[in-house]
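What follows is the residue order along each chain.
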Amino acid sequence: MYMISSHRAPHLFLRATFILGALFFLAGTAPPALADSTSLAPQTKIRLTIVQWMQSRGQYERWDALGGEYRVSDDGTVFLPFLGSLSVANRTDTDLTNEIGKRLQEKIGLVQAPAVSIEILEYPPIYVVGDVTTPGQYSFRPGLTVLQSLAMSGGPRRAKDEQQTHSIQIVGELREIDHSILRSTARLARLQAEMDGAQEIIFDQATGADQQFAAGIFNEERIIFRARANAMERQARAFTELRDLLTTEISTLEEKLTGADDNIKSVEDQLVSVKSLVQKGLTISSRQMDLERLLTTYRSDKLDLLTAVMRGRQAVSETTRNLEGLYDARRSEVATEAQSERASLDQFKLKRETLQKLLIADLGSNDGVKNLVEDLPLTFSVTRRSDGQINQIEAWETTTLAPGDVVRVAQPHILDNSPQADTAPSFESQTLADRAGQ
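Bear in mind that the values here come from a model prediction, so they are computed numbers and not experimental data.

Participant: Teacher, can you tell me more about helix H3 (residues 93–108) here?
Facilitator: In an α-helix there are 3.6 residues to a turn, and that puts residues three or four apart on one side. If you check H3, its first and last C-alpha atoms are 23 Å apart, about what 16 residues at 1.5 Å a residue would give, namely 22 Å. Within the sequence span of H3, burial applies to Asp 93, Leu 96, Thr 97, Ile 100, Gly 101 and Leu 104. Buried residues in H3, looked at end-on, bunch into an arc of 125°, giving them a common side. Positive phi shows up at Gly 109, right after H3, with a value of about 80°.

Participant: When you look at the nonpolar core in this model, what are you seeing that I'm missing?
Facilitator: One broad trend across soluble globular proteins is that nonpolar side chains are buried collectively. Among the nonpolar cores identified, the biggest contains 35 residues, and Leu 48, Leu 80, Ile 100 and Leu 401 are the most heavily contacted of them. Excluding anything up to four places from it in sequence, Ile 100 contacts Leu 48, Leu 80, Leu 83, Leu 86 and Val 116. Listed in part, the 11 residues of the second largest apolar core include Leu 174, Leu 191, Val 334 and Ala 338.

Participant: Would you explain unusual backbone geometry in this entry?
Facilitator: Of all residues except glycine, most have a negative phi; of all peptide bonds, most are trans. Look at Gln 43: it is not a glycine, yet its phi comes out positive at around 70°. Mapped onto the secondary structure, Gln 43 falls in the loop between helix H2 (32–35) and strand S1 (45–54). Its relative accessible area of 34% is what places Gln 43 among the partly exposed residues.

Participant: Any chance you could explain the pattern of salt bridges here in plain terms?
Facilitator: Pairing is possible between side chains of opposite charge, provided their charged atoms come close. This structure, assessed with the given rule, holds 20 salt bridges. As a salt-bridge pair, Glu 69 and Arg 47 come within 3.5 Å of each other at their nearest N and O atoms. Residue Glu 69 is found in strand S3 (residues 68–71), and its partner Arg 47 is found in strand S1; the two are separated by 22 residues along the sequence. Here Arg 190 makes a salt bridge to Glu 194, at a shortest N to O gap of 3.7 Å. Taken together, the positions of Arg 190 and Glu 194, both in helix H5 (residues 159–196) and 4 residues apart, correspond to about one turn of that helix. Overall, the relative accessible area of 5% leaves Arg 190 in the buried class. Given the relative accessible area of 18%, Glu 194 is considered buried. Each of the salt bridges in this network shares a partner with another, and the network as a whole consists of Arg 190, Glu 194, Glu 221, Arg 228 and Glu 337.

Participant: Whenever I open this one, the confidence of the model for the chain confuses me. Can you help?
Facilitator: Close inspection of predicted coordinates is inappropriate for parts of the model with low pLDDT. Residues of the chain with pLDDT of at least 70 account for 79%, and the chain-wide mean is 78. Between residues 368–373, whose pLDDT stays under 50, and residues either more than four places distant or in other chains, the model counts 12 contacts. In the predicted structure, residues 414–429 sits below a pLDDT of 50 and forms 14 contacts with residues beyond four places in sequence or in another chain.

Definitions and limits used
- Residues numbered from 1 in each chain as written.
- Predicted model: local features only at pLDDT ≥ 70, side-chain atom pairs only at ≥ 80, totals over all residues.
- Heavy atoms only, no water.
- Helix = DSSP H or I, 4+ residues; strand = E, 2+ residues; numbered from the N terminus.
- Expected span 1.5 Å × (residues − 1).
- Buried < 20%, exposed > 50% of the residue type's maximum accessible area, 1.4 Å probe, protein only.
- Arc of directions from axis to C-beta.
- Core = buried A, V, L, I, M, F, W, Y, C linked by side-chain atoms within 4.5 Å.
- Contact = heavy atoms within 4.5 Å.
- Salt bridge = Lys/Arg side-chain N within 4 Å of Asp/Glu carboxyl O.
- pLDDT = per-residue confidence, 0-100.

Below is the structure:
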């Protein structure tokens, strides 16, 4: 019996050495962020691993049912299966792993607490705001400094570059407005030619470098002018032809009326003679009755011709009114369009004047003051949540950040209050602004 025990002693020593080595290995796998005994920030994503030595099997067994990935809530707690809610605020990694192992030992009734390790999978992001090129949300890593976060956000925002961009935008708007003014002026010239009944449009000479653009606009207006004139001429010609046709028809009807009068007079003369013969008994009365019926027919036809002539003259009058109304309606339409176009042209000119003043202000600003602003040091502040409270602290380039920090970068704004900003624009600035839209 003693020999058996002494024979197993080396094996027991090796197993104990392996267990201790495994525990030291699990303890050594903790990430650097937790190795510095810092607490877990809210919204941190962690992986929990629980391992227990099964002496009966002679191997380690992982508790996958309790382990897994978890995220720290905003109130600094983690909800674990079987254990419930566990506060991680103000706890180091050692305290937290010991607490989990101790609770598992008490819940299950283990002789020895299981080995627990925590691995950080994802830190809460940091936020960089203020006078930076690209403010926003950025990933956190241990050891991140304020200066590194400034580099991640594209560096400080350059006022000079912004001003140049603003000036370029104003120049583009000025060119667009100049084109609109050119279109409006050409349209007004075409409308004025239509009101005057001119055969051609007289355009003002275009100034600047956009001669080709102006020629295109003028050609378009000429095409519109000819098309509208042709449409007006076709409508007027249709009314004129209708009036001429009605006049010819009236002339034909009047000629028929003359023939009808002659027929009526002839029949009346014959009727007088026949009546005299009938009274003397020299002819039969039926002859008189035939002449009377014929006279009635001729008189009815004359009335129809008179009615047709009156209707034709009424149609001629209506056609003449339509023809005159066509010209009146076109003049009224052109006058309304010209009035609206003049109002638009005034608005374009007012907007152009305002943009020119803005461009003069940009071009006339003092570059030395801008360079001075860019050379001044930046100021930093960090907003950090700690113990349920939000604190703002002054920071420097070498300040180490924590997960969830909000870094605010500020540049000195002395340009807004500089006396140079109130000085009158130079002659060169005025000249550049005048040429910007050309």
